[in-house]
Amino acid sequence: MPPSMDDIEGARIMVKLDDLLYARRMTLTELAERVGLTLANLSILKTGKAKAIRFSTLEAICRELECQPGDLLGYRADAAEG
Amino acid sequence: MNAPGNDLLLLSGKVVTILLQAAMAVGALALAIAVPALIFFEDAVLEGVRAGSPMPLGEIPMLPLIGLLGIMFITLAALFVFFGKLRAIIDTVSAGDPFVPVNAERLSAMAWLLLASQLLTWPLVALALVIAEWAQELDDVDLRLEGDAFDITGILMVLVLFILARVFRHGAAMREDLEGTV
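Thresholds applied
- Residues numbered from 1 in each chain as written.
- Chains lettered and ligands numbered in written order.
- Predicted model: local features only at pLDDT ≥ 70, side-chain atom pairs only at ≥ 80, totals over all residues.
- Heavy atoms only, no water.
- Phe/Tyr/Trp six-rings, centres within 6.5 Å; stacked < 30°, edge-to-face > 60°.
- Buried < 20%, exposed > 50% of the residue type's maximum accessible area, 1.4 Å probe, protein only.
- Helix = DSSP H or I, 4+ residues; strand = E, 2+ residues; numbered from the N terminus.
- Lys NZ or Arg CZ within 6 Å of the ring centre and 35° of its normal.
- Contact = heavy atoms within 4.5 Å.
- Core = buried A, V, L, I, M, F, W, Y, C linked by side-chain atoms within 4.5 Å.

1. Digging into the packing of aromatic side chains
In this structure the tally under the stated criterion is three aromatic pairs over all chains. Look at Phe 82 of chain B and Phe 83 of chain B: their rings are 5.3 Å apart centre to centre, the planes differ by 90°, and that puts the pair in the edge-to-face class. For Phe 82 of chain B, a relative accessible area of 6% gives the class buried. Centre to centre, the rings of Phe 99 of chain B and Phe 168 of chain B are 5.0 Å apart; their planes meet at 35°, and the pair counts as tilted. In this pair, Phe 99 of chain B is assigned in the loop between helix H3 (62-94) and helix H4 (101-136) and Phe 168 of chain B in helix H5 (residues 152-179), connecting sequence segments 69 residues apart. We note Arg 25 of chain A situated over the ring of Tyr 22 of chain A; from NZ or CZ to the ring centre the distance is 4.9 Å.

Quick look at the structure:
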């Protein structure tokens, strides 16, 4: 049986990095260079596979994308499975 | 961090575990041959032993002897597996990634194996005493049993291994968290 949404810790948190990048016309590679993260790590964040985000990472992304943490992260209360 | 494969501690650990495993394997193999031989060819074996002995051997306590060798076989087999698991842990350390769940399982298994071999020393000593009694009745034999039946170092080692298993379980969980952190 695959684990349901409730079983996966943090599964209801959405990362809206894609939308932000699109709005800023910025590529992931470019952001990676600016915030000093590896592309691999940033991809983990973008695809929602990250388990935690450091404040330093959050700060750097907000700085470069000129946004608030709330613009980057969202909470889905009624997340459907799958 | 030390360069993998270039570390004297890890290298000596690997060499020692390989040597000990080889020693356990040789001992276990010899016993694996001796025990069935004693059980199935008792008469032939005893005849050979008596013929080769310079003195009369009296009534050899066969059952305690077979039991003793059997327990020794189990102990050696357990220690063989023990050292194999230790080497597997050392390998993960050289690979630079020791905090994995499988190492916690290995430590836990090592603790159980050591506990079993510790507990087996009691019947082993009891059987050895029976055999020693027989040996003392023979001429020219001075057989003495030395050491403590209760090995505090071994029991402490079992405790340390169980605790280390928990430490590694915790470490593996932390490691997993860290890997998902960006």
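2. Focus: the environment of Thr 17 of chain B
All names here are of chain B. Within the element layout of this structure, Thr 17 appears in helix H1 (residues 8-40). Overall, Thr 17 belongs to the buried group, its relative accessible area being 2%. Considering only alpha carbons, one finds Thr 17 and Asp 43, 26 residues apart in sequence, at a separation of 39 Å. Look past the residues within four positions of Thr 17 in its chain and what remains in contact with it is Phe 83, Leu 86, Arg 87 and Ile 90.

3. With respect to the nonpolar core
Phe 82, Leu 107, Trp 134 and Leu 161 of chain B are the most contacted members of the largest nonpolar core, which totals 33 residues. Contributing elements (two or more residues each) for this core: H1, H3, H4 and H5 of chain B. Core analysis: the next-biggest nonpolar cluster, separate from the first, contains 19 residues, Met 26, Ala 32 and Leu 65 of chain A together with Val 182 of chain B among them.

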